[in-house]
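Listed here are the chains, written in short residue letters.
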Amino acid sequence: MDALQVVSAATQIVTSMVGAVRALEQASRNLDEAPKRIRSLEDFVCDLENLMRRIKQKHVYKLHNPQLDHQLQSLNSLIERLHPKIRKARRMVSKSKIKNLAHVVWTSMAGDPLRKLLNSINDDLNWWLESQILAQNVEKVIELTAQEVPTRLKVKAEQGYPISSKSKFLRKLLEQEETHQVILIVGLSGIGKSCLARQVASDAPERFVGGAVELGFGQWCSRAACNGSKSDYQKRLARKISKFLVQIGFWKKIKDENSDLEYLCCLLQEALYGKSILILLDDVWEQDIVERFAKLYDNDCKYLVTTRNEAVYEITEAEKVELSKDDIMEISKSILLYHSLLAEEELPAAAESLLERCGHHPLTVAVMGKALRKELRSEKWEKAITDLSTFATCAPGPVSYVNEKEAENTLTIFGSFEFSLEAMPRDSRRLFIALAALSWAEPVPEACLEAIWSILVQKSLFSLAVCKLVEGSLLMKDDTDPLYQVHDMVSLYLDSKTNDSIQMLINGLKAEEIAFICPWFLIFGKENIKNIAEEKVEFSLGVSEEKLVIITIEAILQALMASKSISELEVSRICFSGILGPRIADLISRDSQSLTVVSAEAITNIFSKGDYCSYIPSLETTGAVDKLAGLLQKSEDPMIQTDILTVLTKLAEFGTPETVDKVLQSIPFDKLATLLSYDAKEWHENMFTILMSLAKVGKSKAVEKMFAFEIDKNLIKLLENGSEVVQHHAIVTLKAFYELAGSPANASLRPANLNLLPWQVRLRLERFIISDRTVPPSPKSQTFEDVIHRLLDGDNKQVQGAMQDLIPFLEKAGGEPCIKKFLEYDIIPELVKMMQCCVPEIQDSAYAALHQMFCSNGGLLVLDKIFRMGLIERMAQSLESKTVKTREVNMHCIVDIVELGKKAYLERMLSLQVVEKLVKIEKNSGGSGETLGEFLKGIDKCKHLSMAERRVMKQQVLRKVRTTLKGHKFETQIVAKLDSFLSESSRGSSSGSGSSKHRK
């Protein structure tokens, strides 16, 4: 039940109570009937209390609004008035029979007190109903007010960081009107600047109506990290600002995450106009960043900035708040207690000395506290102090920029890291040092850490080792995703260990282990590590030893699939194709079945259209068709068969006419039929791609061969029994067959069995099967222009009829010519507008017309128009509409767009928070997971995505779902439903990229 239904029910309950009071009044003299009537009143009040709880839960982030709070309080006041009066009424009717008889006698003389009480209850109910007359019922009053109130953004406070006097000082500073717009929190590294800022922002002063929001930068977003490159720095800053705009809900005009910096800054000005938000800019390394925010005008925002770069200190128009040792001394003991899991009376006497040796710095205290968790022995604490001093003396100095005044502080922090590592198992220590090879500018996927672990240790469990690092504050794991980050001081410490990591991972490993790990470093390593890794990968691919080459290619595929988004996948793909492409012909020409198989898998997952154009000629000249065809004939492994078939069809698609003929002659069509059988579910997705490619290049000749081997018969069986996604691909494939070769006399699909198929299948295939349909003539022929005129200028009934009449024009014109006419008349925005109207019949008809356009040959033209005109933003916003029908038709339309869309369009939709809006629909509809399941099915049906891209995008959607659902009561059931769907759909995809395991 959504908020509208909940509040609407309140009015129904109160109205019902009025009727119940009247019934009780009539029954007041019936001593047997009255108790039942009172019980029903008690039930009504209980229902009202439940509704109150649900409404408050729904609008928890909007209760700061006085008007909304007042309306909820009025309902609560009614409940409080009713309770004592109903209890009193119960006492009156529950007396003994003798007392009731006396009561009847007394009533006849002095009047009925129960009737007076009921009149009072009735007055209370009528008072409340009349107080809501502004919007006729509670539903409109509360929901309309809530819609006008912006959601209050929140920053999450750091666990274990207590409130200090400095927190209170900062809060007072922010409440004052005359303070500067920018407040700089300065202090030594690790002293708790970010923790302090988050704590203040987590409970932002009431003057910040929009709440607070955090945006982290880090050294990654600095000119130094970009080697002085202005363009690279501006690209990184643009990505951060783009992320911020999405955070505050202003994503409408963002073109993509690579938008121009100046354009995004203009959007930033527009987004913050008239807003009152506390903005936390964390770990800023460039003065330019603060200045870009500070120069924004016509807003009541303030900026809380943390930095350890002296250049940022020089901003003159800023209030500087220094966090000193005196400030942190008052909270360091609380931090130690929190992380050591000890009560104050359990702390050994040496605890004070340890705090002093740590300089009371929160990060150092936290690390030491976790290392001494539940330790009660004084000698262990004293030894910790001695060891910390030793480690601090021996700790390596930071290799990147650090303020000279921070040298001693930094060494103490590094010393605490050394102490924490010393207390850990050897395997965890080795893993941590190995992590110095990685770039920590962005979160690193767990798969990368596990890959590093697999070459370091063979016996221990990865989960145990990484858990020790997380517990010791040396690693931070994302709550919802398998991603890891590190504190900026840990990153600085790891910089000093880079050479040790290189020695351990590259110089100290066997050739096979180097071949396995270097592709991971090529994607996730530091810049200097990437250069070394690229040389090693090129060397491993060029050696004559077959096993080394196979391990390298398998690792390349695994690293590729660890991408967090399609854009990341594309960057990794380009990197690997540039290395593998020039060598692919040589690898396949070698006399090795295993190498040919893994090379085919790499081609399938890595090569793009441009790569095929570049490298197919070399494959043709080295006899790749004969080599692959011979291997296909011998192999009985479906995984190998599908990979080789995919490469052969790509050779035909991008090769010469001679190659096309050779491929068609060499492909065993009987094996295609076997791989399309109902039981071969794992290979269906690959097979649909293969069949479409063969039909595209071989045209009627290829289709006739498929008919001869009854491949169409297998497709029909899948139409009858397959899943929705399989049915979709089978329809598209059969439709392509019939368009290219017509329906042969011996075709498996006939009018007799057409009626046995699902209706949506019949609708799309019947025109190819039923050639003698007699369609009664229209009573009056109408032109395309007549239909358009009725659509644009008619009343509701005419508009609805016109949209239905558009469909025959689409079918008759074959799609694209008619679509171009629609575009000339600007029909698309009108149809999108009609999907937002309040007439369900028109909404359905508008969606049906758009759906038919998407399914036609000119569907991409419609899609281009929708994105070019910004109509997709309107559809995304409509997913939050109050009207169920509006949400429904726009959700269906978005799923259609996903099925049809290109990569750029799909990423655009994700940036519009479509997934988060679909999650909201799930929350309000019982958490069945069906809405999100439809979205994932759309990705599976999308023909413009490769299989690798589909897998990555589905995982990206699942991560968004987990993040949005975190802590919600439907989290477990929705995530389980989606996991089940992903598991099922993965059985219909190809050989999971890099599925072969690395063997030492």
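Please refer to the structure placed before this passage.
Parameters at a glance
Residues numbered from 1 in each chain as written. Predicted model: local features only at pLDDT ≥ 70, side-chain atom pairs only at ≥ 80, totals over all residues. Heavy atoms only, no water. Axes fitted to C-alpha atoms, helices over the stretch in contact; angles between N-to-C directions. Helix = DSSP H or I, 4+ residues; strand = E, 2+ residues; numbered from the N terminus. Parallel < 35°, antiparallel > 145°, perpendicular 65-115°, else oblique. Left-handed = near helix turned anticlockwise from the far one by under 90°. Contact = heavy atoms within 4.5 Å. Salt bridge = Lys/Arg side-chain N within 4 Å of Asp/Glu carboxyl O. Buried < 20%, exposed > 50% of the residue type's maximum accessible area, 1.4 Å probe, protein only. Phe/Tyr/Trp six-rings, centres within 6.5 Å; stacked < 30°, edge-to-face > 60°. Lys NZ or Arg CZ within 6 Å of the ring centre and 35° of its normal. Pairing = 2+ DSSP bridges.

Focus: the packing of helix 46 (residues 884-900) against helix 49 (residues 930-941)
So, point 1. As a packed pair, helix 46 and helix 49 sit with axes 7 Å apart at the nearest point and diverge in direction by 25 degrees. In this view, helix 46 runs roughly parallel relative to helix 49, as classed from their interaxial angle. Here helix 46 and helix 49 pass one another in a crossing that is right-handed. Only T931, E934, F935, G938, I939 and K941 of helix 49 make contact with helix 46, whose side of the interface consists of M891, I894, V895, V898 and E899.

Concerning the pattern of salt bridges
So, point 1. Taken as a whole and assessed by the stated rule, the structure comprises 42 salt bridges.
So, point 2. With a shortest N-O distance of 3.9 Å, K530 and E527 are connected by a salt bridge. Taken together, the positions of K530 and E527, both in helix 24 (residues 527-542) and three residues apart, correspond to about one turn of that helix.
So, point 3. Given a relative accessible area of 52%, E527 falls into the exposed group.
So, point 4. Note that E685 is salt-bridged to R950, the shortest N-O span being 2.3 Å. With a gap of 265 residues between them, E685 in helix 34 (residues 684-708) and R950 in helix 50 (residues 947-965) connect regions that are remote in the sequence.
So, point 5. Overall, the relative accessible area of 10% leaves E685 in the buried class.
So, point 6. Taken together, the shared-partner salt bridges connect E570, R573, D611, K903 and E949 into one network.

As for the packing of aromatic side chains
So, point 1. Applying the stated criterion across every chain yields a total of 14 aromatic pairs.
So, point 2. Both rings, one in F707 and one in F737, keep their centres 6.1 Å apart while their planes meet at 80 degrees; by these two values the pair is edge-to-face. Of this pair, F707 sits in helix 34 while F737 sits in helix 36 (residues 724-741), and the two are 30 residues apart along the sequence.
So, point 3. An aromatic cluster is built from F414, F417, F432 and Y493, whose rings are joined through pairwise contacts.
So, point 4. Stacked on the ring of F208, the Lys or Arg R207 has its end atom at 5.1 Å from the ring centre.

Digging into the sheet that holds strand 2 (residues 212-216)
Strand pairing in a sheet relies on backbone hydrogen bonds. The paired strands run either parallel or antiparallel.
So, point 1. Overall, parallel pairing links the five strands, which are arranged 2-3-4-1-5 in an open sheet. The open sheet has two free edges, formed respectively by strand 2 and strand 5 (319-322), since each of these has just one partner strand. Neighbour to neighbour, the strand axes of the sheet diverge by 20 degrees on average, direction disregarded.
So, point 2. Pairing analysis gives five bridges linking strand 2 to strand 3 (residues 278-282), with the strands arranged parallel. By the bridge assignment, E214 is partnered in strand 3 with L280.

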